[in-house]
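Survey of secondary and tertiary structure
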Amino acid sequence: MPTLLLWLSHSKFFRSLASRLGFVRRAVLRFVAGETVDDAIRAIRELNAQGIQTTLAPLGENVENEDDARRATDDYLKVLDAIGSSGVKSHVSLKLTALGLDLGDDFCRENVKRILQKAKAIGSFVRIDMEGSDYTDRTLAIYRSLCPEFDDVGIVIQAYLYRSEADIVALCNTGAKVRLCKGAYKEPPVLAFPKKADVDASYVRLTKMLLSAEARAKGTRGAIATHDPKMIDAAKQYAAERNVPHDEFEFQMLYGIRRELQRQLAAEGYTMRVYVPYGTEWYPYFMRRLAERPANVWFVLSNLLRR
Ligand code: FDA
């Protein structure tokens, strides 16, 4: 089932079909904050009121021409303006393929740079999401090329890739801001651990590296992005044993997933940040969420019965 759902996430036919089905659109609202910036700002306000921080993520990936990439960049600038003028405190997350990575690294870097300049002006922070393994090297290279000019930019590392331990070592040496996730794309066993137990073991290993005293002394800040209570408990335990201050790492989860646990961690005094996606291009994001938890397919179908 997960493999089929990940395959369907690339299907233009199913994308068009799903967008026309009312019950699918209703189910999407569980995982996506709405279609407009105003919807997203409203969701952020509600989360902020519960003591939860956010990172706003306009949806979209793999644009096919420069005009679309420029439009996506302009949308980010508008999003940052909306964050600034609304007074909410939020980071933003972006995908390089939405900003033209398939059209050329320099072109994409210039678009990201415009976004970083705007983010800097309003005191926000930009996280570069990590996509499929075809993009890992180029994403890291663009991230590294921007670091000398911008402080408030971070990257994502996926625990399922064998290469990630070496990437974390290098990033910890430069005091990087790293979101650690398990990884959401379909990867072959030559590149990624095929077994969940190995991905989980890698996740705990990399969490400890990010939270270590040596890494933090260099300015590294880890964002532990998972809904898995075992991963969260491992991070909490390591942080408690090593006296890691609460402001030197954070937990992150996706909008609509494990909402009770999000509130609980915030109430315990941890920084809890929720990734708030919004926009009309929700299809691939939504399909990856279904693939992670096929039980969500029943949640979608149950919306068929609701008016
Ligand atoms: P796991 O999949 O083992 O799930 C643990 C438990 O969490 C499940 O048993 C279930 O209870 C709950 N759960 C997980 N997913 C759920 C879902 N969809 N619906 C309902 N419950 C669910 N990936 C990537 O490749 N690049 C990226 O840049 C990012 N960015 C990112 C940001 C943030 C803030 C988060 C939380 C995650 C990402 N991811 C990501 C996605 C990540 O790689 C991964 O696919 C998901 O987080 C699911 O993995 P878990 O760590 O939650 O564990």
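Before reading further, recall that the structure is shown in the block above.
These notes cover the structure that comes with them. (Residues numbered from 1 in each chain as written. Predicted model: local features only at pLDDT ≥ 70, side-chain atom pairs only at ≥ 80, totals over all residues. Heavy atoms only, no water.)

Thoughts on the layout of surface pockets
Just so we agree on the cut-off: Put plainly, a pocket is an open set of points on a 1 Å grid over the protein atoms alone with protein on both sides within 12 Å along at least five of seven lines, a cavity is a set where a 1.4 Å probe fits but cannot get out, and a lining residue has an atom within 4 Å of a point. Grid points are joined across faces, edges and corners, and a volume is the space filled by probe spheres set on the points. Secondary structure follows DSSP: runs of H or I at least 4 residues long count as helices, runs of E at least 2 residues long count as strands, and numbering of each begins at the N terminus. Under the scheme applied here, ten amino acids are nonpolar (Ala, Val, Leu, Ile, Met, Phe, Trp, Tyr, Cys and Pro), four are charged (Asp, Glu, Lys and Arg), and all others, including Gly, are polar.
A volume near 1500 Å³ is recorded for the largest pocket. When contributions to the lining of the largest pocket are tallied by element, the ones reaching two or more residues are helix 1 (2-8), strand 4 (153-158), strand 5 (177-181), helix 9 (196-211), strand 7 (249-254), helix 13 (283-292) and helix 14 (295-305). No other element matches the five residues that helix 13 contributes to the lining of the largest pocket. Looking at the lining of the largest pocket residue by residue, the class counts come to 24 nonpolar, eight polar and 15 charged. Taken as a whole, the second largest pocket holds about 1000 Å³ of empty space. Taken together, 35 residues make up the lining of the second largest pocket; nearest its centre are Arg15, Gly60, Glu61, Asn62 and Glu281. Residues of the lining of the second largest pocket, tallied by class, amount to 13 nonpolar, eight polar and 14 charged.

Thoughts on the site of the ligand
Our working rule: Note on definitions. A residue lies near a molecule or strand when any single heavy atom of the residue is within 4 Å of it. Two N or O atoms form a polar contact when they lie within 3.5 Å of each other; inside protein one atom must be a possible hydrogen donor and the other a possible acceptor, and for residues adjacent in sequence the pair counts only when both atoms belong to side chains. Pocket occupancy is defined atom-wise: a molecule lies in a cavity or pocket when more than half of its atoms are within 2 Å of its grid points.
Around the ligand lies a shell of 25 residues, among which Lys182, Gly183, Thr226, Arg258 and Glu292 are the nearest. One of the backbone nitrogen or oxygen atoms of Met130 is found 2.8 Å away from a nitrogen atom of the ligand. Between a nitrogen atom of the ligand and a side-chain N or O atom of Arg179, the distance comes to 3.2 Å. Taken atom by atom, the bulk of the ligand overlaps the largest pocket. Only strand 4, strand 5, strand 7 and helix 13 provide two or more residues apiece to the shell around the ligand. For the shell around the ligand, the element with the most residues is strand 7, which contributes three residues. A breakdown of the residues in the shell around the ligand according to their chemical character gives ten nonpolar, six polar and nine charged.

Comments concerning the environment of Met231
As a reminder, the rule being used: Think of it in three bands: residues with accessible area under 20% of the maximum for their type are buried, residues over 50% are exposed, and the middle band is partly exposed, with areas taken using a 1.4 Å probe on protein chains only. Only heavy atoms matter for contacts: two residues are in contact if any of them lie within 4.5 Å across the pair.
Of note, Met231 is situated in helix 11 (residues 229-241). Given the relative accessible area of 4%, Met231 is considered buried. Taking the C-alpha atoms as reference points, Met231 and Lys195, 36 residues apart in sequence, are found 16 Å from one another. Apart from the residues within four sequence positions on either side, Met231 is in contact with Lys182, Asp200, Tyr203, Val204 and Thr226.

Looking at the packing of helix 8 (residues 164-173) against helix 9
Keep this limit in mind: To define axes, lines are fitted to C-alpha atoms, for helices over the stretch in contact only, and angles between the resulting N-to-C directions are given on a 0 to 180 degree scale. Just so you know how the angles are binned, under 35 degrees is roughly parallel, over 145 roughly antiparallel, 65 to 115 roughly perpendicular, and the rest oblique.
At a closest axis distance of 10 Å, the pairing of helix 8 and helix 9 adopts a crossing angle of 5 degrees. Between helix 8 and helix 9, the angle falls in the class roughly parallel. Contacts between helix 8 and helix 9 pair Ser164, Glu165, Ile168, Val169 and Cys172 from the former with Arg205, Leu206, Met209 and Leu210 from the latter. When the residues that make up the contact of helix 8 with helix 9 are grouped by side-chain class, the tally is six nonpolar, one polar and two charged.

Here's the deal with empty space enclosed by the protein
Under the defined criterion, the tally for this structure stands at one cavity of 30 Å³ or more. Along its surface, the largest cavity is lined by 13 residues, and Pro58, Leu59, Gly60, Lys95 and Tyr275 are the ones closest to its centre. Counting only elements with at least two residues in the lining of the largest cavity, the list comes to strand 1 (53-58), strand 2 (91-94) and helix 13.

With respect to the sheet that holds strand 1
Threshold: Whether two strands pair depends on DSSP finding at least two bridges between them.
Reading around the barrel, the eight strands line up as 1-2-3-4-5-6-7-8 and close back on themselves, with parallel pairing between neighbours. Averaged over all pairs of adjacent strands, the angle between their axes in this sheet comes to 30 degrees, without regard to strand direction. Strand direction decides the pairing type here: strand 7 and strand 8 (residues 272-278), joined by four bridges, are parallel. Within strand 8, the residue paired with Gln252 across the bridge is Arg273. Those strands touched by helix 5 (residues 66-86) are strand 1, strand 2 and strand 8, and its axis lies near 165 degrees from that of strand 2. Relative to the sheet, helix 9 contacts strand 5, strand 6 (221-225) and strand 7, its axis offset from that of strand 5 by approximately 165 degrees.

Concerning the pattern of salt bridges
As a reminder of what qualifies: When a carboxyl oxygen of Asp or Glu lies within 4 Å of a side-chain nitrogen of Lys or Arg, that pair is called a salt bridge.
For the structure on display, the rule yields 24 salt bridges. In this structure, Asp39 and Arg42 form a salt bridge, with 3.3 Å as the shortest nitrogen-oxygen distance. Note that Asp39 and Arg42 are positioned in helix 4 (residues 37-49) at a spacing of three residues, about one turn of the helix. For Arg42, a relative accessible area of 48% gives the class partly exposed. Asp75 serves as the salt-bridge partner of Lys78, at 3.9 Å between the closest nitrogen and oxygen. A residue pair is termed a helical-turn pair when its members lie 3 or 4 positions apart in one helix, as Lys78 and Asp75 do in helix 5 at three residues. Overall, Asp75 belongs to the partly exposed group, its relative accessible area being 38%. One network of salt bridges, in which partners are shared, links Lys182, Lys196, Asp200 and Asp228.

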